[in-house]
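# Tertiary structure, described
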Amino acid sequence: MISLGIESTAHTLGIGIVNEKEILADVRDTLKTEKGKGYLPREMFNHHLEKFNELLFKALDEAKIDLKDIDVIGFSRGMGIPNALRVGAFFARYISLTFNKPLVDVNHGVAHIEIGKWLTNSKDPIIVYLSGGNTQIISLVNKRYRILGETEDIAIGNAIDEVARFLNFEMPGGPKIEELAKKGKKYVEMPYSVKGMNLSFSGIVTYVKKLIKEGKYGLEDIIFSFQETIFSMIVEVSERAMAMLEKNEVLLVGGVAANKRLQEMFEIMCKDRNAELKVVPQKYAADNGVMIAINALLAYKHGYSINIENSSIKRNWRVDEVEIIWI
Ligand code: ATP
Ligand code: FE2
(Lines give C-alpha, C1' and ligand atoms only; values in the text may rest on other atoms or scores of the structure.)
(Ligands and ions follow the chains in the order given, each with its own letter.)
Protein backbone atom coordinates (compact mmCIF):
# COMPACT_ATOMS: atom_id res chain seq x y z
CA MET A 1 0.00 0.00 0.00
CA ILE A 2 1.40 3.41 -1.00
CA SER A 3 0.57 6.68 0.72
CA LEU A 4 1.39 10.20 -0.44
CA GLY A 5 1.37 12.95 2.19
CA ILE A 6 1.34 16.72 1.76
CA GLU A 7 2.56 18.98 4.56
CA SER A 8 1.73 22.67 4.34
CA THR A 9 0.85 24.04 7.78
CA ALA A 10 3.41 26.84 7.82
CA HIS A 11 6.78 27.70 6.28
CA THR A 12 7.52 24.29 4.77
CA LEU A 13 5.91 22.56 1.83
CA GLY A 14 6.69 18.86 2.02
CA ILE A 15 5.67 15.84 0.00
CA GLY A 16 6.38 12.36 1.28
CA ILE A 17 5.65 8.93 -0.11
CA VAL A 18 5.76 5.78 2.01
CA ASN A 19 4.66 2.19 1.94
CA GLU A 20 4.11 0.04 5.03
CA LYS A 21 7.81 -0.58 5.46
CA GLU A 22 9.80 2.29 4.11
CA ILE A 23 10.08 5.88 3.03
CA LEU A 24 10.00 6.06 -0.76
CA ALA A 25 10.31 9.82 -1.19
CA ASP A 26 10.88 12.88 0.95
CA VAL A 27 11.01 16.26 -0.73
CA ARG A 28 10.56 19.62 0.93
CA ASP A 29 11.17 23.26 0.48
CA THR A 30 11.15 25.86 3.21
CA LEU A 31 10.37 29.50 2.65
CA LYS A 32 13.39 31.69 3.36
CA THR A 33 13.07 35.00 5.11
CA GLU A 34 15.34 37.97 5.29
CA LYS A 35 17.51 38.09 8.41
CA GLY A 36 15.59 39.31 11.44
CA LYS A 37 12.19 38.92 9.73
CA GLY A 38 9.36 36.50 10.47
CA TYR A 39 7.15 34.63 8.03
CA LEU A 40 4.19 36.29 6.33
CA PRO A 41 1.11 34.16 5.58
CA ARG A 42 0.84 35.59 2.05
CA GLU A 43 4.46 34.63 1.36
CA MET A 44 3.84 31.06 2.56
CA PHE A 45 0.81 30.84 0.28
CA ASN A 46 2.76 32.02 -2.76
CA HIS A 47 5.74 29.85 -1.94
CA HIS A 48 3.69 26.65 -1.62
CA LEU A 49 1.68 27.40 -4.73
CA GLU A 50 4.77 28.06 -6.80
CA LYS A 51 6.69 25.03 -5.54
CA PHE A 52 3.94 22.43 -5.57
CA ASN A 53 4.35 20.99 -9.09
CA GLU A 54 8.10 20.80 -8.91
CA LEU A 55 8.03 19.02 -5.54
CA LEU A 56 5.27 16.62 -6.53
CA PHE A 57 7.10 15.41 -9.62
CA LYS A 58 10.38 15.24 -7.74
CA ALA A 59 8.72 13.04 -5.13
CA LEU A 60 7.11 10.75 -7.72
CA ASP A 61 10.47 10.46 -9.48
CA GLU A 62 12.24 9.63 -6.24
CA ALA A 63 9.66 6.94 -5.44
CA LYS A 64 9.65 5.76 -9.07
CA ILE A 65 5.87 5.74 -9.21
CA ASP A 66 3.02 7.56 -10.95
CA LEU A 67 0.12 9.27 -9.23
CA LYS A 68 -2.13 6.42 -10.31
CA ASP A 69 -0.01 4.00 -8.21
CA ILE A 70 -0.82 5.63 -4.87
CA ASP A 71 -3.52 4.09 -2.67
CA VAL A 72 -4.26 7.03 -0.41
CA ILE A 73 -3.54 10.73 -0.23
CA GLY A 74 -3.09 12.58 3.06
CA PHE A 75 -2.84 16.29 3.80
CA SER A 76 -2.17 18.34 6.90
CA ARG A 77 -5.53 19.88 7.78
CA GLY A 78 -4.36 21.82 10.84
CA MET A 79 -3.31 23.28 13.10
CA GLY A 80 -1.55 25.89 11.08
CA ILE A 81 -1.61 29.12 9.16
CA PRO A 82 -4.79 29.18 7.03
CA ASN A 83 -3.10 30.61 3.94
CA ALA A 84 -0.50 27.86 4.03
CA LEU A 85 -2.95 25.07 4.91
CA ARG A 86 -5.21 25.92 2.00
CA VAL A 87 -2.57 25.19 -0.62
CA GLY A 88 -1.90 21.62 0.55
CA ALA A 89 -5.60 20.94 1.08
CA PHE A 90 -6.44 22.24 -2.39
CA PHE A 91 -3.92 20.06 -4.19
CA ALA A 92 -4.80 16.99 -2.09
CA ARG A 93 -8.49 17.34 -3.00
CA TYR A 94 -7.60 17.90 -6.62
CA ILE A 95 -5.45 14.76 -6.82
CA SER A 96 -8.06 12.78 -4.90
CA LEU A 97 -10.79 13.80 -7.33
CA THR A 98 -8.80 13.49 -10.51
CA PHE A 99 -7.27 10.11 -9.76
CA ASN A 100 -10.13 8.81 -7.65
CA LYS A 101 -8.00 8.23 -4.55
CA PRO A 102 -9.24 8.18 -0.94
CA LEU A 103 -8.48 11.35 1.01
CA VAL A 104 -7.29 11.42 4.64
CA ASP A 105 -7.06 14.58 6.74
CA VAL A 106 -4.09 14.51 9.08
CA ASN A 107 -3.52 16.46 12.28
CA HIS A 108 -0.05 18.02 12.07
CA GLY A 109 0.79 17.40 15.74
CA VAL A 110 -0.40 13.81 15.66
CA ALA A 111 1.74 13.29 12.54
CA HIS A 112 4.83 14.59 14.40
CA ILE A 113 4.07 11.94 17.06
CA GLU A 114 3.38 9.08 14.66
CA ILE A 115 6.56 9.54 12.66
CA GLY A 116 8.49 9.57 15.94
CA LYS A 117 6.91 6.28 16.97
CA TRP A 118 7.34 4.74 13.52
CA LEU A 119 11.03 5.56 13.28
CA THR A 120 12.03 4.78 16.87
CA ASN A 121 9.72 1.85 17.45
CA SER A 122 8.36 3.58 20.51
CA LYS A 123 5.28 1.96 22.04
CA ASP A 124 3.79 3.71 25.04
CA PRO A 125 5.80 6.84 25.80
CA ILE A 126 5.28 10.17 27.42
CA ILE A 127 5.48 12.33 24.32
CA VAL A 128 7.21 15.67 24.48
CA TYR A 129 6.20 17.73 21.45
CA LEU A 130 8.38 20.81 21.10
CA SER A 131 8.08 22.94 18.01
CA GLY A 132 7.56 26.39 16.58
CA GLY A 133 3.87 26.36 17.44
CA ASN A 134 3.51 23.81 20.23
CA THR A 135 4.92 22.81 23.58
CA GLN A 136 3.01 19.87 24.92
CA ILE A 137 3.53 16.90 27.23
CA ILE A 138 1.27 14.16 25.91
CA SER A 139 0.18 10.62 26.64
CA LEU A 140 -2.17 8.26 24.84
CA VAL A 141 -5.14 7.47 27.06
CA ASN A 142 -8.30 5.80 25.74
CA LYS A 143 -7.55 6.40 22.08
CA ARG A 144 -6.68 10.08 22.45
CA TYR A 145 -3.40 11.93 22.78
CA ARG A 146 -4.19 13.69 26.05
CA ILE A 147 -2.35 16.91 26.77
CA LEU A 148 -1.00 16.65 30.31
CA GLY A 149 0.82 19.94 30.27
CA GLU A 150 1.52 22.74 27.82
CA THR A 151 2.70 26.29 27.43
CA GLU A 152 0.38 28.99 28.67
CA ASP A 153 1.73 31.54 26.24
CA ILE A 154 4.22 31.07 23.40
CA ALA A 155 5.74 27.78 22.22
CA ILE A 156 9.35 26.93 23.05
CA GLY A 157 10.43 27.06 19.39
CA ASN A 158 8.74 30.42 19.05
CA ALA A 159 10.61 31.66 22.15
CA ILE A 160 13.91 30.49 20.68
CA ASP A 161 13.09 32.09 17.32
CA GLU A 162 12.09 35.36 18.96
CA VAL A 163 15.47 35.62 20.65
CA ALA A 164 17.13 34.64 17.35
CA ARG A 165 15.20 37.30 15.46
CA PHE A 166 16.22 39.87 18.04
CA LEU A 167 19.83 38.93 17.24
CA ASN A 168 19.13 39.20 13.49
CA PHE A 169 19.68 35.51 12.85
CA GLU A 170 18.08 33.63 10.00
CA MET A 171 14.84 31.75 10.63
CA PRO A 172 14.37 29.18 12.02
CA GLY A 173 16.80 30.30 14.68
CA GLY A 174 17.14 27.06 16.69
CA PRO A 175 20.37 25.73 15.20
CA LYS A 176 22.17 29.08 15.55
CA ILE A 177 21.01 29.45 19.17
CA GLU A 178 22.24 25.91 19.89
CA GLU A 179 25.68 26.74 18.45
CA LEU A 180 25.94 29.96 20.43
CA ALA A 181 24.82 28.26 23.67
CA LYS A 182 27.63 25.71 23.32
CA LYS A 183 30.15 28.52 23.72
CA GLY A 184 28.64 29.86 26.93
CA LYS A 185 30.20 28.93 30.27
CA LYS A 186 28.75 31.04 33.04
CA TYR A 187 25.14 30.57 34.13
CA VAL A 188 23.19 33.80 34.48
CA GLU A 189 20.06 33.53 36.66
CA MET A 190 16.84 33.54 34.58
CA PRO A 191 13.11 33.52 35.36
CA TYR A 192 11.95 29.92 35.64
CA SER A 193 8.26 29.46 35.01
CA VAL A 194 6.62 26.11 35.73
CA LYS A 195 3.07 25.99 37.11
CA GLY A 196 2.05 22.42 37.87
CA MET A 197 2.32 20.74 34.50
CA ASN A 198 2.19 23.96 32.53
CA LEU A 199 4.92 26.27 31.35
CA SER A 200 5.40 29.82 30.22
CA PHE A 201 8.14 31.31 28.05
CA SER A 202 7.26 34.89 27.25
CA GLY A 203 8.73 36.27 30.50
CA ILE A 204 12.12 34.72 29.92
CA VAL A 205 12.21 35.98 26.32
CA THR A 206 11.61 39.54 27.49
CA TYR A 207 14.27 39.09 30.17
CA VAL A 208 16.83 37.70 27.71
CA LYS A 209 16.27 40.62 25.32
CA LYS A 210 16.78 43.03 28.19
CA LEU A 211 20.04 41.34 29.23
CA ILE A 212 21.32 41.41 25.65
CA LYS A 213 20.53 45.11 25.34
CA GLU A 214 22.22 45.93 28.66
CA GLY A 215 25.43 44.20 27.61
CA LYS A 216 26.45 43.41 31.18
CA TYR A 217 26.92 39.70 30.45
CA GLY A 218 28.50 38.02 27.45
CA LEU A 219 26.05 37.05 24.71
CA GLU A 220 27.22 33.43 24.73
CA ASP A 221 26.62 33.15 28.48
CA ILE A 222 23.15 34.69 28.16
CA ILE A 223 22.13 32.30 25.38
CA PHE A 224 23.63 29.33 27.22
CA SER A 225 21.63 30.24 30.34
CA PHE A 226 18.46 30.84 28.33
CA GLN A 227 18.71 27.40 26.76
CA GLU A 228 19.58 25.65 30.03
CA THR A 229 16.61 27.25 31.76
CA ILE A 230 13.92 26.54 29.18
CA PHE A 231 15.13 22.97 28.72
CA SER A 232 15.21 22.38 32.50
CA MET A 233 11.58 23.50 32.64
CA ILE A 234 10.65 20.95 29.97
CA VAL A 235 12.57 18.14 31.65
CA GLU A 236 10.93 18.91 35.00
CA VAL A 237 7.35 18.64 33.72
CA SER A 238 8.17 15.61 31.59
CA GLU A 239 9.61 13.80 34.58
CA ARG A 240 6.52 14.64 36.59
CA ALA A 241 4.30 13.22 33.85
CA MET A 242 6.37 10.02 33.75
CA ALA A 243 6.05 9.58 37.51
CA MET A 244 2.32 10.32 37.49
CA LEU A 245 1.46 7.87 34.73
CA GLU A 246 4.20 5.37 35.62
CA LYS A 247 5.77 5.42 32.18
CA ASN A 248 9.34 4.40 31.52
CA GLU A 249 9.72 5.77 28.03
CA VAL A 250 9.93 9.31 26.63
CA LEU A 251 9.64 10.29 23.00
CA LEU A 252 10.89 13.69 21.85
CA VAL A 253 9.27 15.04 18.69
CA GLY A 254 8.99 18.37 16.83
CA GLY A 255 11.66 20.67 15.47
CA VAL A 256 13.22 21.56 18.83
CA ALA A 257 13.87 17.85 19.52
CA ALA A 258 16.85 18.20 17.16
CA ASN A 259 18.74 20.09 19.87
CA LYS A 260 21.62 17.96 21.23
CA ARG A 261 21.76 19.66 24.62
CA LEU A 262 18.05 19.01 25.13
CA GLN A 263 18.59 15.35 24.27
CA GLU A 264 21.50 15.17 26.69
CA MET A 265 19.42 16.60 29.54
CA PHE A 266 16.64 14.10 28.85
CA GLU A 267 19.22 11.30 28.69
CA ILE A 268 20.42 12.17 32.20
CA MET A 269 16.86 12.30 33.60
CA CYS A 270 15.91 9.00 31.95
CA LYS A 271 19.05 7.24 33.19
CA ASP A 272 18.14 8.34 36.70
CA ARG A 273 14.67 6.84 36.40
CA ASN A 274 15.77 3.74 34.51
CA ALA A 275 13.69 4.91 31.61
CA GLU A 276 14.34 4.89 27.90
CA LEU A 277 14.73 8.00 25.74
CA LYS A 278 13.64 7.97 22.13
CA VAL A 279 14.20 10.91 19.83
CA VAL A 280 12.75 11.39 16.39
CA PRO A 281 15.72 11.28 13.97
CA GLN A 282 16.93 14.80 13.21
CA LYS A 283 15.98 14.62 9.55
CA TYR A 284 12.34 14.06 10.49
CA ALA A 285 12.13 16.37 13.51
CA ALA A 286 11.00 19.39 11.50
CA ASP A 287 7.98 19.58 9.22
CA ASN A 288 7.92 17.10 6.35
CA GLY A 289 5.50 15.28 4.08
CA VAL A 290 6.62 11.83 5.20
CA MET A 291 4.94 12.21 8.59
CA ILE A 292 1.68 13.09 6.87
CA ALA A 293 1.99 10.08 4.55
CA ILE A 294 2.65 7.75 7.50
CA ASN A 295 -0.32 9.05 9.47
CA ALA A 296 -2.62 8.85 6.44
CA LEU A 297 -1.54 5.26 5.83
CA LEU A 298 -2.22 4.26 9.45
CA ALA A 299 -5.68 5.83 9.41
CA TYR A 300 -6.61 4.48 5.99
CA LYS A 301 -5.55 0.95 6.90
CA HIS A 302 -8.02 1.18 9.76
CA GLY A 303 -10.87 2.06 7.46
CA TYR A 304 -10.73 5.84 7.67
CA SER A 305 -11.13 8.42 4.91
CA ILE A 306 -13.15 11.62 4.44
CA ASN A 307 -15.35 13.18 1.81
CA ILE A 308 -14.05 16.20 -0.01
CA GLU A 309 -17.08 18.23 1.09
CA ASN A 310 -15.98 17.77 4.72
CA SER A 311 -12.33 18.55 4.22
CA SER A 312 -12.07 22.27 4.99
CA ILE A 313 -8.98 23.28 6.94
CA LYS A 314 -8.92 23.50 10.76
CA ARG A 315 -6.52 26.19 11.87
CA ASN A 316 -6.77 25.37 15.59
CA TRP A 317 -7.06 21.59 15.43
CA ARG A 318 -5.48 20.23 18.62
CA VAL A 319 -4.00 16.75 18.98
CA ASP A 320 -6.55 15.73 21.62
CA GLU A 321 -9.43 16.26 19.19
CA VAL A 322 -8.40 13.30 17.04
CA GLU A 323 -9.59 9.77 17.75
CA ILE A 324 -6.57 7.52 17.40
CA ILE A 325 -8.21 4.52 15.75
CA TRP A 326 -5.00 2.83 14.65
CA ILE A 327 -3.63 1.99 18.09
P1 ATP B 1 4.21 23.13 14.79
O2 ATP B 1 4.69 21.73 14.66
O3 ATP B 1 3.83 23.46 16.17
O4 ATP B 1 3.18 23.48 13.80
P5 ATP B 1 6.44 24.13 13.32
O6 ATP B 1 5.92 23.18 12.31
O7 ATP B 1 6.78 25.52 12.94
O8 ATP B 1 5.44 24.13 14.53
P9 ATP B 1 8.76 22.46 13.53
O10 ATP B 1 9.17 22.57 12.09
O11 ATP B 1 8.37 21.15 14.05
O12 ATP B 1 7.70 23.54 13.98
O13 ATP B 1 9.96 23.07 14.39
C14 ATP B 1 10.52 24.32 14.09
C15 ATP B 1 11.12 24.90 15.35
O16 ATP B 1 12.22 24.08 15.78
C17 ATP B 1 11.66 26.29 15.14
O18 ATP B 1 11.20 27.11 16.17
C19 ATP B 1 13.18 26.09 15.21
O20 ATP B 1 13.89 27.21 15.69
C21 ATP B 1 13.27 24.92 16.17
N22 ATP B 1 14.56 24.22 16.05
C23 ATP B 1 15.09 23.64 14.96
N24 ATP B 1 16.31 23.15 15.23
C25 ATP B 1 16.57 23.44 16.53
C26 ATP B 1 17.68 23.22 17.40
N27 ATP B 1 18.78 22.62 16.99
N28 ATP B 1 17.57 23.69 18.65
C29 ATP B 1 16.46 24.30 19.10
N30 ATP B 1 15.40 24.55 18.33
C31 ATP B 1 15.45 24.12 17.05
FE1 FE2 C 1 5.61 21.08 12.94
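Above this text you will find the structure in question.
Quick summary incoming for the structure in this document. (Residues numbered from 1 in each chain as written. Chains lettered and ligands numbered in written order. Predicted model: local features only at pLDDT ≥ 70, side-chain atom pairs only at ≥ 80, totals over all residues. Heavy atoms only, no water.)

Here the focus is the packing of aromatic side chains. Evaluated as defined, the whole model comprises three aromatic pairs. When the ring of Phe52 is compared with that of Phe91, the centres are 3.8 Å apart and the planes differ by 5°; the resulting orientation is stacked. With Phe52 in helix H1 (residues 41-63) and Phe91 in helix H2 (residues 82-99), the pair connects residues that are 39 residues apart, well separated along the chain. Summarising the burial analysis for this pair, Phe52 and Phe91 share the class buried. An angle of 75° between the planes, with centres 5.2 Å apart, marks the rings of Phe90 and Phe91 as edge-to-face. A relative accessible area of 15% places Phe91 in the buried class. One aromatic cluster is present, built from ring pairs that chain together Phe52, Phe90, Phe91 and Tyr94. The ring of Phe169 carries Lys176 above its face, with NZ or CZ at 4.1 Å from the centroid. (Phe/Tyr/Trp six-rings, centres within 6.5 Å; stacked < 30°, edge-to-face > 60°. Helix = DSSP H or I, 4+ residues; strand = E, 2+ residues; numbered from the N terminus. Buried < 20%, exposed > 50% of the residue type's maximum accessible area, 1.4 Å probe, protein only. Lys NZ or Arg CZ within 6 Å of the ring centre and 35° of its normal.)

The subject of this paragraph is the pattern of salt bridges. In total, this model carries 19 salt bridges according to the counting rule given. Lys68 is the salt-bridge partner of Asp66, the closest N and O atoms lying 3.4 Å from each other. With its nearest N and O atoms 2.9 Å apart, the salt bridge here joins Lys247 to Asp124. One end of the pair, Lys247, is in the loop between helix H7 (219-245) and strand E11 (249-253); the other, Asp124, is in the loop between helix H3 (108-120) and strand E6 (126-130), and 123 residues separate them in sequence. Assessed through its relative accessible area of 14%, Lys247 is described here as buried. Residue Asp124 is classed as partly exposed on the basis of its relative accessible area, which comes to 38%. Among the charged side chains, a network of salt bridges with common partners joins Asp66, Lys68 and Asp69. (Salt bridge = Lys/Arg side-chain N within 4 Å of Asp/Glu carboxyl O.)

Before going further, it helps to examine the site of ligand 1. The environment of ligand 1 is made up of 23 residues, and the closest members are Tyr129, Ser131, Asp161, Glu178 and Asp287. Here an oxygen atom of ligand 1 sits 3.0 Å away from a polar atom, N or O, in the main chain of Gly133. Taking Asn134, its side chain carries an N or O atom lying 2.8 Å from an oxygen atom of ligand 1. Broken down by secondary-structure element, the contributors of at least two residues to the shell around ligand 1 are H3, helix H4 (156-166) and helix H5 (174-182). By residue class, the composition of the shell around ligand 1 is seven nonpolar, 13 polar and three charged. Looking at which domains feed residues into the shell around ligand 1, each of domain 1 (3-112 + 287-321) and domain 2 (124-284) supplies at least three. (Near = heavy atom within 4 Å. Polar contact = N/O pair within 3.5 Å; in protein donor to acceptor, adjacent residues only side chain to side chain. Nonpolar A, V, L, I, M, F, W, Y, C, P; charged D, E, K, R; others polar. Domains from an automatic or database assignment.)

Let's shift gears to the coordination of the iron ion (ligand 2). Coordination of the iron ion (ligand 2) by the protein comes from His108 (NE2), His112 (NE2) and Asp287 (OD), over a distance range of 2.1 to 2.2 Å. In primary-sequence terms, the residues that donate to the iron ion (ligand 2) follow H-x3-H-x174-D. Of this pair, His108 sits in helix H3 while Asp287 sits in the loop between strand E12 (276-279) and helix H9 (289-301), placing them 179 residues apart in sequence. Note on His108: relative accessible area 6%, which makes it buried. (Donors = N, O, S within 2.8 Å, 3.2 Å for Na, K, Ca; no water.)

Below, the discussion takes up the packing of H4 against H7. Interaxial distance between H4 and H7 falls to 12 Å at its minimum, and their mutual angle equals 175°. Taken together, the axis directions place H4 and H7 in an arrangement best described as roughly antiparallel. Contact residues: Ile156, Ala159, Ile160 and Val163 in H4; Ile223, Phe226, Ile230, Phe231 and Ile234 in H7. For the contact of H4 with H7, the residue count by class is nine nonpolar, no polar and no charged. (Axes fitted to C-alpha atoms, helices over the stretch in contact; angles between N-to-C directions. Parallel < 35°, antiparallel > 145°, perpendicular 65-115°, else oblique. Contact = heavy atoms within 4.5 Å.)

Glancing now at unusual backbone geometry. Cis geometry is found at the peptide bond from Gly78 to Met79, where omega equals -15°. That bond from Met171 to Pro172 is cis: its omega, -10°, falls within 30 degrees of zero. As for its position among the elements, Pro172 is in the loop between H4 and H5. Positioned with a positive phi, Lys143 is a non-glycine residue whose angle comes to about 65°. Residue placement: Lys143 occurs in the loop between strand E7 (135-141) and strand E8 (144-150).

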